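Chains, contacts and geometry: an overview
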Amino acid sequence: MEQKYPGVAGIPWDQPATMIDLDGKPPLIGTIRDCAVHFGLYKDHAKAQARVLLTQPVHREGRKTRTWLLDPEEIAALAERLKRETN
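If you're wondering where the values come from, they're calculated on a predicted model, not measured in any experiment.

Where helix H2 (residues 32–41) is concerned, the buried positions are Ile32, Cys35, Ala36 and Phe39. Each buried residue of H2 lies within a common arc of 100° when the element is viewed along its axis, so the set occupies one face. Along its buried surface, H2 packs onto strand E1 (16–21), strand E2 (28–31), helix H3 (44–49), strand E3 (50–58) and helix H4 (72–86).

Bringing the confidence of the model for the protein into the picture now. When the pLDDT values of the protein are averaged, the result is 89; 97% of them are 70 or greater. For the protein, per-element mean pLDDT is lowest for helix H1 (residues 6–9), which scores 81, and highest for E2, which scores 96.

Enumeration over the complete set of coordinates arrives at one aromatic pair. Above the face of the Trp13 ring, Arg81 is positioned so that its terminal group lies 4.1 Å from the ring centre.

The next subject is the nonpolar core. Residues Ile32, Val52 and Leu70 are the most contacted members of the largest nonpolar core, which totals 21 residues. When contributions to this core are tallied by element, the ones reaching two or more residues are E1, H2, E3 and H4. Ranked by the residues each element gives to this core, the list is headed by H4, at six residues. Excluding anything up to four places from it in sequence, Leu70 contacts Val8, Ile11, Arg51, Val52, Leu54, Val58, Ile75 and Leu78.

Rules of the game
Residues numbered from 1 in each chain as written. Predicted model: local features only at pLDDT ≥ 70, side-chain atom pairs only at ≥ 80, totals over all residues. Heavy atoms only, no water. Buried < 20%, exposed > 50% of the residue type's maximum accessible area, 1.4 Å probe, protein only. Helix = DSSP H or I, 4+ residues; strand = E, 2+ residues; numbered from the N terminus. Arc of directions from axis to C-beta. Contact = heavy atoms within 4.5 Å. pLDDT = per-residue confidence, 0-100. Phe/Tyr/Trp six-rings, centres within 6.5 Å; stacked < 30°, edge-to-face > 60°. Lys NZ or Arg CZ within 6 Å of the ring centre and 35° of its normal. Core = buried A, V, L, I, M, F, W, Y, C linked by side-chain atoms within 4.5 Å.

Written as structure tokens, this is what we have:
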């Protein structure tokens, strides 16, 4: 999954980030690692609504400019990366 989203592979775990929710729940302000851990705990509906706002933009394939926002699929790739690295 990570190879599908090469931009997320280079994000350091300690980079500050904010997990937001399109349903309007309070944001989670922490690190990329915190966001990946919490994403893994979410139910499917909440996962579909989650986004991560970055403090440093990343390159995304198919786009001319770097972006500040990660979509659910990219957050899932981060959660998988965290799972692999901690096991």
